[in-house]
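What follows is each chain in one-letter form.
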Amino acid sequence: MTSNVTIRIQDADFDVNREIAALTTSRTDIGAVVTFSGICRGGEGAGDATTALTLEHYPGMAEAEIARHADEAMNRWPLTGVTIVHRVGRILPGENIMVVLTASAHRQAAFQAAEFLMDYLKAHAPFWKREETAGGSNWIAAKTDDDDAAARWDKN
Amino acid sequence: MKVVYFAWVRERIGKAEETVEPPAGVRTVGDLIGWLSTRGDEYAYAFETPKVIRAAIDHTHVRPDTVIAGAREIAFFPPMTGG
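Okay, so let's go over this structure.

Conventions and cut-offs
- Sequence order sets the numbering: in each chain, residues are counted from 1 along the sequence as written.
- Here every chain gets a letter starting at A, and every ligand a number starting at 1, in the order they are written.
- Only residues with pLDDT of at least 70 are given local features in this predicted model, and only at 80 or more are side-chain atom pairs given and counted; all residues enter the totals for whole chains, interfaces and linings.
- Think of it this way: any DSSP run of H or I at least four residues long counts as a helix, any run of E at least two long counts as a strand, and we number them from the N terminus.
- Put plainly, a residue is buried at 20 or more neighbouring C-beta atoms within 10 Å of its own, exposed at 12 or fewer, and partly exposed in between, counting only other residues' C-beta atoms, which are placed from the backbone.
- Any residue pair is listed as a contact if its two C-beta atoms, each placed from the backbone, are within 7 Å.
- To obtain each axis, a line is fitted to C-alpha atoms, and for helices this fit is confined to the stretch in contact; angles are then taken between N-to-C directions over 0 to 180 degrees.
- By definition in this entry, angles of less than 35 degrees are roughly parallel, angles greater than 145 are roughly antiparallel, angles of 65 to 115 are roughly perpendicular, and the rest are oblique.
- In this scheme, a crossing is called left-handed if the near helix is turned counterclockwise away from the far one by less than a right angle; it is called right-handed if the turn is clockwise.
- Gly counts as polar in this scheme, as do all residues outside two lists: the nonpolar Ala, Val, Leu, Ile, Met, Phe, Trp, Tyr, Cys and Pro, and the charged Asp, Glu, Lys and Arg.
- Pairing between two strands is assigned when DSSP locates at least 2 bridges connecting them.

1. Things to note about the overall build of chain B
Broken down by element type, chain B carries 3 helices and 5 strands. The order of α-helices and β-strands along chain B, N terminus first, is β-α-β-α-α-β-β-β. Taken along the three principal axes of its C-alpha coordinates, chain B extends 35 × 30 × 20 Å. Across the 83 residues of chain B, 29% fall into the buried class. Of the contacts made within chain B by residues no fewer than 6 positions apart, 52% connect residues no fewer than 24 positions apart.

If you want it as structure tokens, here you go:
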């Protein structure tokens, strides 16, 4: 079983369908692809709705942390491939922020690995969001829930 | 050693990176935060709540009690909010 790991951090938007095709084209051993798309949410409130996000990252470490977690996922589940694309720079509501794709022969491994990767990336990958609203701009505060979500995957 | 800052830590200090030479008594990441905090109001502001500050040595997450000897690059940043 060969497997593909693709990790990219980029300013430009991406096409989720093209990323899925890159994982699956000319293969017949894949039965499931799970996609998590993170999308910039504008929010409902009139005054405090997000008008844009600016994503900052730590070049070098961000790639290394994502690769470390992708390797861990490949070791824990029988995956045929993992693709993680994360944008940086200014992103408008409705635009893609990131995508995690996990491919496997069967759905369970793909679902679990995608959730594991998202929980870990939220808590450990060095990215920071600055939010713009009509009233100004602020760094988004981390949720302690994200640490808890990552910790549930730790092996005892 | 090279020190790099991100997000609001970078904004509060007013620079993205610098080279520092802490005195011999500064052994750990926590010691370094304490020493940096004495370098000016902007540093004191950035590190005013040390327990929320995250650190990495040479691209690997570390804890406040990690010894800094041998580090090439130490990073300080807020809790992460990607994804």
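2. Re the packing of helix α2 (residues 61-76) of chain A against helix α3 (residues 107-124) of chain A
Residues and elements named next belong to chain A. The geometry of α2 relative to α3 is characterised by a closest axis approach of 10 Å and an angle of 155 degrees between their N-to-C directions. Compared by their axis directions, α2 and α3 come out roughly antiparallel. The crossing of α2 and α3 is right-handed. Counted together, Glu65, Ile66, His69 and Ala73 of α2 and Ala113, Phe116, Leu117, Tyr120, Leu121 and His124 of α3 form the full contact between these two elements. Within the contact of α2 with α3, the residues separate by chemical class into 7 nonpolar, 2 polar and 1 charged.

3. Overview of the sheet that holds strand β6 (residues 96-104) of chain A
All names here are of chain A. Here we have 4 strands laid out as an open sheet, ordered β1-β4-β6-β2, and mixed in their pairing. Strand pairing shows two members of the sheet lacking a second neighbour, β1 (4-10) and β2 (32-39), which therefore form its edges. Within the sheet, the average angular offset between the axes of one strand and its neighbour, ignoring direction, is 5 degrees. Packing of helix α1 (residues 16-24) onto the sheet brings it into contact with β1, β2, β4 (79-87) and β6, and relative to β6 it is tilted by some 25 degrees.

4. Overview of the interface of chain B and chain A
With 14 residues of chain B at the interface, the matching set in chain A holds 21 residues. At the level of secondary structure, the elements contributing two or more residues to the side of chain B that touches chain A comprise α1 (7-13) and β5 (73-77) of chain B. Across the side of chain B that touches chain A, the residue classes break down as 9 nonpolar, 5 polar and no charged.

5. Topic: the pairing of β5(B)
Residues in a regular strand project their side chains so that they alternate between the two faces of the sheet. All names here are of chain B. Summarising burial for β5: 4 of the 5 residues are buried, a large majority. Judged from the 4 bridges that link them, strand β3 (residues 54-57) and β5 form a sheet pairing that is antiparallel. Its bridge partner lying in β5, Ile57 is registered against Ile74.

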